[in-house]
Amino acid sequence: NAGVTQTPKFRVLKTGQSMTLLCAQDMNHEYMYWYRQDPGMGLRLIHYSVGEGTTAKGEVPDGYNVSRLKKQNFLLGLESAAPSQTSVYFCASSYSLADVVRGYTFGSGTRLTVV
Amino acid sequence: SQQGEEDPQALSIQEGENATMNCSYKTSINNLQWYRQNSGRGLVHLILIRSNEREKHSGRLRVTLDTSKKSSSLLITASRAADTASYFCATDSNYQLIWGAGTKLIIKP
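Here's what I pulled together on the structure shown here. (Residues numbered from 1 in each chain as written. Chains lettered and ligands numbered in written order. Predicted model: local features only at pLDDT ≥ 70, side-chain atom pairs only at ≥ 80, totals over all residues. Heavy atoms only, no water.)

A separate point is the nonpolar core. By size, the foremost hydrophobic cluster in this structure holds 22 residues, and its most contacted members are Met21(B), Leu32(B), Trp34(B), Leu74(B), Ile76(B), Tyr87(B) and Leu105(B). Broken down by secondary-structure element, the contributors of at least two residues to this core are strand E2 (10-14), strand E3 (19-24), strand E4 (31-37), strand E5 (43-50), strand E7 (61-66), strand E8 (71-76), strand E9 (85-93) and strand E11 (103-108) of chain B. Ile76(B) has contacts with Glu17(B), Asn18(B), Ala19(B), Met21(B), Arg60(B), Leu61(B), Asp83(B), Tyr87(B) and Leu105(B), leaving out every residue within four places of it along the chain. Membership of the second largest hydrophobic core comes to 20 residues, among which are Leu21(A), Tyr64(A), Leu76(A) and Cys91(A). (Core = buried A, V, L, I, M, F, W, Y, C linked by side-chain atoms within 4.5 Å. Buried < 20%, exposed > 50% of the residue type's maximum accessible area, 1.4 Å probe, protein only. Helix = DSSP H or I, 4+ residues; strand = E, 2+ residues; numbered from the N terminus. Contact = heavy atoms within 4.5 Å.)

What follows is the structure, given as C-alpha cells:
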C-alpha cells in the first residue's frame, strides 16, 4: 500500500547512544518532515526537507540531524541520545508545503525511550 | 510554539450524539486543517478549509472558520464508536503546519 513507512516502531536507548530513524515514502512527494509528539502537546517540527539533497531546521532541531540523499527517504539521527528526547516521532510527507488538497500523509510513528 | 489550541482537551459523549471541537489560533493563516489520530497511530488528514471559506462539509464532518475571531470548529454528527480518537487542528502559516495539542474524543456505546 502506498504511504509513509517508519522504522523502527519501538526503540529503547541508553543515554549517550546514537541511532537513526528511517522514513520512506512511495508517493513521489517532494516534501518530508520529522515531528515529535509529547503528551499534552501538539506535534513539533524537528526538521524538514523540500527536496532531495535539501534539509531545513524546524521548531526543535537541537540534538537531531537529518539527511535526504534520496527523494523517497528522510533519515533522522540522534548522535547522543538524552532522556529529553524520549518521545513519539512521526514522519510525514506532502506534495508541497501548502498542499491545500491532500494535506500531509503520516507514518505510524516510532516510540523512542531514552533511559 | 503552538499556533492552534483545541478546546475542550477531552470530550466524552454517547454514540449517536454530535461532537463539537474548537480550535483557536494566533496569527493570520492560509488554511486550517483537521486531522484524526487513533491511539498509537499516525495522523490522518480529515478536511481542510481555506482562509476565504467559512464552512465546509465532508460526510459527517462540518468545519467552520471565523477568521475575525481566529477560530474554527469541527462538528462530527451522529457519532460512532469508531470516531473515538484525538483530533488536531493545524494552521498553515508561512507554508508550514503548526499544530494544536488536540482534543481527545471518546464515544461511549
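Alright, that's what it looks like, and here's the rest.
A few words now on the state of the cysteines. All names here are of chain B. Considering all chains together, one arrives at two disulfides over all chains under this definition. The disulfide partner of Cys23 is Cys89, and the S-S distance across this bridge is 2.0 Å. Measuring the twist about the S-S bond at about 65°, one finds the Cys23-Cys89 disulfide to be right-handed. Of this pair, Cys23 sits in strand E3 while Cys89 sits in strand E9, and the two are 66 residues apart along the sequence. (Disulfide = S-S within 2.5 Å.)

Listed by partner, the interface residues are 21 residues for chain B and 21 residues for chain A. Carbon and sulfur atoms make up 53% of the area that chain B and chain A hide from each other, which totals about 1,600 Å². The interface formed by chain B and chain A includes zero salt bridges. Connecting chain B to chain A are three residue pairs in polar contact (both at pLDDT 80 or more). Within the residue set of the side of chain B that touches chain A, elements represented by two or more residues are E4, E5, E9 and strand E10 (96-99) of chain B. Counted by class, the side of chain B that touches chain A contains eight nonpolar, ten polar and three charged residues. (Buried area = accessible area lost by both parts, 1.4 Å probe. Salt bridge = Lys/Arg side-chain N within 4 Å of Asp/Glu carboxyl O. Polar contact = N/O pair within 3.5 Å; in protein donor to acceptor, adjacent residues only side chain to side chain. Nonpolar A, V, L, I, M, F, W, Y, C, P; charged D, E, K, R; others polar.)

These values are about where atoms sit, not about what they do.
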